[in-house]
Amino acid sequence: MNKIDKKDFVFRQPSFPQEDETDVYYLGVANNLLEIIGETEMGCVLPESVIRRIALGITGYVQDIVSDAGIWRSFVDANRKLYNYSVPFHTEGETYVDYELNTEDVRFLAWYILAMTFEDMRDVYPHDSRLLAMADRIYRYLESIYDDAPAPKLFNIARGLEFNDPEDKENIYHLGSWLFFHCYLMTPAFALTLSEIMSDQELMNSEDATLLHSRMEQSLMEDPTGPLALFTTEWLKLIIDGKLPENKQSDKGNHPYFEKFTAATGGKRIMYFGNYEEMNRFFIERMGWEKNQEHLPVMKEEHNFVVMVNPQRGMLVARNAAPCIADPENPYYDKAYAREHAFEFLTVRGRCPADLVKYACSNGWLPDAVFPGSDDAQLVKDNHDFIARCYLQQYYRD
């Protein structure tokens, strides 16, 4: 396996092109991890490129906590506020120490980097025995060096910045750009979004290089990233000021479709239809849409619809979704089908509207969602919002 070279390592550092005196040390750590991972049962089935990402990502985590750069600290603090735990999927042991090296952190990061960057294991179960064995092997090595690891001073580029200070504007932009495009914690979740950008043939075939640069800048400003799918500004405020953004409820009145739908259904916010004809008849006879018309004709060939209304955003329609929803009033719920496909609601972009995902989970209507190959429905239930944020990104966040 080819070693990670210094140029590749330094390029990912927040101080690039300036070099830190500890770069050689942490490059050595990354290459040691490369070798350790490759020797594990899990590592033996991973492409070299994925092993490199895991090695570099976990090295970044060590640099962060040794220098107290605040990135991992912010992630843990946000988890505590959102979910009342430190890291997803893993219960804190008695030896867990906030913002220090922990086996639970390493286990999470190994899963996160692997799932987000390797399509063949995108749905890997976080408690997969091979994955845990690999993570624990990594942890034992890191534990052996942690106390003597030097602090990379240039890694902590957020120190001393004030979010609203005009004099810090340029440095904050640099921090935001590094977080979005190069930070160990953010970039794995951005991988699929990046792939979607790169699949734009018109963009990639253009001779105007500024178009790709503009598209990436647009993504930086508009797309969420990282395991919590926070926007760049949200990550910056969290890291610099320690403030997690609050959800703001709209003070506008209810959407007209919300009023019509709930009036037509006796107050229900959700309805189920086995085929297009049933749904179209509902639109005409109950919602008052124009008669003798085929409404939403692009859905004529689909089936098992869920139609739902949101007070602020109006009505949404999900196709091929009803069998996964364990609503007692849903006649199309199919437990066997749901066991195979309900997890897709949380992980496949565009599979199901975010409002329906949130509504179903809040009512306990996705009890069959599990990581493929496992029966651990409780793990998904306890972490459903995190899973959806991590996998769906901008398809889940407003």
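All values reported here derive from a predicted model rather than from experimental measurement.

Caption draft 1: Spotlight on the overall build of the protein. Looking only at helices and strands, the protein has 17 helices and three strands in total. Over its C-alpha atoms the protein spans a radius of gyration of 23 Å, differing by no more than 12% from the 21 Å that the globule rule assigns to 398 residues. Dimensions of the protein along its principal axes, counting C-alpha atoms only, are 75 × 50 × 45 Å. In the protein, which comprises 398 residues, the proportion classed as buried is 53%. Of the accessible surface of the protein, which amounts to about 19,400 Å², a share of 47% is contributed by carbon and sulfur atoms. Across the protein, the centroid of the 39 positively charged side chains sits 4 Å from that of the 64 negatively charged ones.

Caption draft 2: Highlighting helix α6 (residues 129-146). If you check α6, its first and last C-alpha atoms are 25 Å apart, about what 18 residues at 1.5 Å a residue would give, namely 26 Å. Along α6, the residues classified as buried are Leu131, Leu132, Met134, Ala135, Asp136, Ile138, Tyr139, Tyr141, Leu142, Ile145 and Tyr146. On the buried face of α6, the contacting elements are α2 (23-39), α3 (48-67) and α5 (103-117). If you check the start of α6, you find a side-chain oxygen 2.8 Å away from the backbone N of Arg130, and it comes from Asp128.

Caption draft 3: Unusual backbone geometry, seen in detail. Across the junction of Phe16 and Pro17, the peptide omega takes the value 10°, indicating a cis bond. Looking at the element boundaries, Pro17 is found in the loop between α1 (6-11) and α2. Phi at Asp68 is positive, roughly 50°, even though this residue is not glycine. With respect to the helices and strands, the residue Asp68 is situated in the loop between α3 and α4 (71-83). Positive phi outside glycine occurs at Asn304, with the angle close to 50°. Relative to the helices and strands, Asn304 is located in strand β2 (residues 303-310). Classification of Asn304 as buried rests on a relative accessible area of 16%.

Caption draft 4: Structural context of the nonpolar core. Residues Trp72, Trp111, Leu142 and Leu185 are the most contacted members of the largest nonpolar core, which totals 114 residues. Ranked by residue count, the leading element in this core is α5, at 10 residues.

Caption draft 5: Local environment of the sheet that holds strand β1 (residues 270-275). One open sheet accounts for three strands, arranged β1-β2-β3; its pairing is antiparallel. Pairing within the sheet leaves two strands with one partner each, and these edge strands are β1 and β3 (314-318). Ignoring which end each strand starts from, the neighbouring axes of this sheet average 20° apart. Summarising the sheet, β2 and β3 pair through five bridges and their orientation is antiparallel.

Caption draft 6: Just the packing of aromatic side chains, in detail. What the rule picks out here adds up to 28 aromatic pairs. Both rings, one in Tyr257 and one in Trp289, keep their centres 5.9 Å apart while their planes meet at 40°; by these two values the pair is tilted. Residue Tyr257 is found in helix α12 (residues 256-264), and its partner Trp289 is found in the loop between α13 (276-285) and β2; the two are separated by 32 residues along the sequence. Accessibility expressed as a relative area gives 15% for Trp289, which makes it buried. Joined through ring pairs, the aromatic side chains of Tyr61, Trp72, Phe75, Phe89, Phe108, Trp111, Tyr112, Tyr125, Phe343, Phe371, Phe386 and Tyr391 make up one cluster. We note Lys358 situated over the ring of Tyr396; from NZ or CZ to the ring centre the distance is 4.8 Å.

Caption draft 7: Highlighting the pairing of β1. The element β1 is extensively covered by neighbouring structure, given that five of its six residues are classed as buried. Here β1 pairs with β2 via five bridges, running antiparallel. Residue Asn275 lies in a different strand from β2, and its bridge partner there is His303.

Caption draft 8: Inspection of the side chain of Thr225 at higher detail. Along the chain, Thr225 falls in the loop between α10 (209-222) and α11 (232-241). Residue contacts for Thr225: discarding those within four places in its chain leaves Phe180, Met186, Phe190, Leu230, Trp235 and Gln393.

Caption draft 9: Broad picture of the pattern of salt bridges. This model, assessed by the stated rule, comprises 20 salt bridges. Here Lys268 ties to Glu329 by a salt bridge, and the two come within 2.9 Å at their closest N and O atoms. Placement of the pair is Lys268 in the loop between α12 and β1 and Glu329 in the loop between β3 and α14 (335-341), with a sequence separation of 61 residues. The exposure class assigned to Glu329 is exposed, which follows from its relative accessible area of 53%. Residues joined by salt bridges that share partners form a network here, namely Asp8, Arg12, Glu48 and Arg52.

About the cut-offs
Along each chain, the written sequence defines residue order, and numbers are assigned to residues from 1. Reporting of local features is limited, given that this is a predicted model, to residues whose pLDDT is at least 70; pairs of side-chain atoms are given and counted only at 80 or more, and all residues count toward the totals for whole chains, interfaces and linings. The side-chain values count all of the structure's non-hydrogen atoms but skip hydrogen atoms and water molecules. Secondary structure elements follow DSSP: runs of H or I no shorter than four residues count as helices, runs of E no shorter than two count as strands, and numbering proceeds from the N terminus. With the radius of gyration taken over C-alpha atoms, the globule rule is written as 2.2 Å times the number of residues to the power 0.38. The buried label applies to any residue whose accessible area, calculated with a 1.4 Å probe on protein chains only, is under 20% of its type's maximum; exposed applies above 50%, and partly exposed to all values in between. For the accessible areas, the method is Shrake-Rupley and the probe is 1.4 Å, while residue cover comes only from the protein chains on display. Note on charges: Lys and Arg go in the positive column, Asp and Glu in the negative column, and His and the chain ends are not counted at all. For the purpose of locating charges, the reference atoms are NZ of Lys, CZ of Arg, CG of Asp and CD of Glu. A helix's residues, less one, multiplied by 1.5 Å, set its expected span. Any two residues having at least one pair of non-hydrogen atoms within 4.5 Å are treated as being in contact. Think of a polar contact as two N or O atoms within 3.5 Å of one another; within protein, one of them needs to be a possible hydrogen donor and the other a possible acceptor, and neighboring residues in sequence only count if both atoms come from side chains. Put simply, a nonpolar core is a bunch of buried Ala, Val, Leu, Ile, Met, Phe, Trp, Tyr and Cys residues held in one set by side-chain atoms that sit within 4.5 Å of each other. Two strands pair under a simple rule: DSSP has to find at least two bridges between them. Axes here mean lines fitted to C-alpha atoms, for a helix over just the part in contact, with angles spanning 0 to 180 degrees between N-to-C directions. Two aromatic rings, drawn from Phe, Tyr or Trp (for Trp, its six-membered ring), form a pair once their centres lie within 6.5 Å of each other, and the interplanar angle then sorts them: stacked below 30 degrees, edge-to-face above 60, tilted otherwise. Two limits define a charge over a ring: the Lys NZ or Arg CZ must be within 6 Å of the ring centre, and within 35 degrees of the ring normal. By definition here, a salt bridge exists when the distance from a side-chain nitrogen of Lys or Arg to a carboxyl oxygen of Asp or Glu is within 4 Å.

These figures capture arrangement, not role.
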